[in-house]
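Coordinate inspection notes
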Amino acid sequence: MSQGSSTHITSLEFGQLFERYKPQFVIVARSYVRDIMIAEDLVTDCFISFWENREKIEAVQSIPSYILISVKRRCLNWLRDQSVHLRVHEDIHSSALRLISSRIVTLEATDPNNLFLEEISAIIKRELANMPEQTRRIFLASRFGEKTYNEIGEKFGLSFNQVSFEIRKATQILRLALKDYLPALILVYLSRVFL
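Scoring rules and cut-offs
Residues numbered from 1 in each chain as written. Predicted model: local features only at pLDDT ≥ 70, side-chain atom pairs only at ≥ 80, totals over all residues. Heavy atoms only, no water. Helix = DSSP H or I, 4+ residues; strand = E, 2+ residues; numbered from the N terminus. Buried < 20%, exposed > 50% of the residue type's maximum accessible area, 1.4 Å probe, protein only. Contact = heavy atoms within 4.5 Å. Areas by Shrake-Rupley, 256 points an atom, 1.4 Å probe, with all protein chains shown as cover. Salt bridge = Lys/Arg side-chain N within 4 Å of Asp/Glu carboxyl O. Phe/Tyr/Trp six-rings, centres within 6.5 Å; stacked < 30°, edge-to-face > 60°. Polar contact = N/O pair within 3.5 Å; in protein donor to acceptor, adjacent residues only side chain to side chain. Bend = angle between axes of the 7 residues up to and from the residue.

1. Quick notes on the overall build of the chain
Each helix and strand in the chain was counted, giving eight helices and zero strands. Taking all 195 residues of the chain together, the buried fraction comes to 26%. Put simply, 66% of the contacts in the chain that link residues at least 6 apart link residues at least 24 apart. Accessible surface computed for the chain: about 13800 Å², of which carbon and sulfur atoms make up 57%.

2. Examining the pattern of salt bridges
Under the definition given, this model contains five salt bridges. In this structure, the salt-bridge partner of R126 is E127, at a minimum N-O distance of 3.0 Å. Note on E127: relative accessible area 15%, which makes it buried. One salt bridge in this structure joins K169 and E166, with 3.6 Å as the shortest N-O distance.

3. Overview of the packing of aromatic side chains
Applying the stated criterion to the full structure yields eight aromatic pairs. With centroids separated by 6.3 Å and ring planes inclined at 15°, the aromatic side chains of F14 and F50 adopt a geometry described as stacked. One end of the pair, F14, is in helix 1 (residues 11-33); the other, F50, is in helix 2 (residues 36-52), with 36 residues separating them in the sequence. Ring pairing ties together the aromatic residues F14, F18, Y21, F25, F47, F50, W51 and Y66, which thus form one cluster.

4. Examining the side chain of S62
Topologically, S62 is positioned in the loop between helix 2 and helix 3 (63-109). With relative accessibility at 19%, the residue S62 sits in the buried group. At 3.2 Å, the side chain of S62 and the side chain of S65 are in polar contact.

5. Focus on helix 1
At Y21, helix 1 shows its strongest bend, of approximately 40°, with the proline P23 following within four residues. What helix 1 keeps buried is the set F14, L17, Y21, F25, V26, A29 and V33. After helix 1 finishes, the residue R34 shows a positive phi value of roughly 60°.

6. Section: the environment of R136
Looking at the secondary structure, you find R136 in helix 5 (residues 133-143). A residue is classified by how much of its surface remains accessible, and R136, at 18% relative accessible area, is buried. It is 7.0 Å that separates the C-alpha atoms of R136 and A170, two residues lying 34 residues apart in sequence. Sequence-distant contacts of R136, defined by excluding residues within four places in its chain, comprise L128, A129 and M131. One polar contact links the side chain of R136 to the main-chain carbonyl oxygen of M131, over a distance of 3.3 Å.

Structure below.
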């Protein structure tokens, strides 16, 4: 097969060129990309690209040299793509590592008891604000004003049973709102008692 100054080549000549140079070009490509399968794919792609575009390619001195240059360019592009992918993965892993490190620091610095108490306190405030006025005032007088049922009844003009009913109603509202926090409340209590 002549390797003259023309890119016009028959399919038989191309097949011979492929058989003769592909193994050598794969060795060259593998030296760059360090993976035999990728090297074979890149070389095959270069041969296919040459064959498909042979009519558009200007006359070349040596078709094998032309394809080898194409192989080197494809290897370079593949390595650049890998470099970009690796940088993206490093950025993702670096961001993930920073996020995990931040969570570790936060968890180490946070007293879980205080965390639960803050959430519980916010729920209690919200529920108290949503209670009927009379129920809230009676409950607050009982729990935080340390008044007896009789003292509350005298203050608001209610019977002992009415005061008891309003306190039970407020307690039930709070118990429902805090049902998910009961295990946490028990742990907080036990940690303060036994630690």
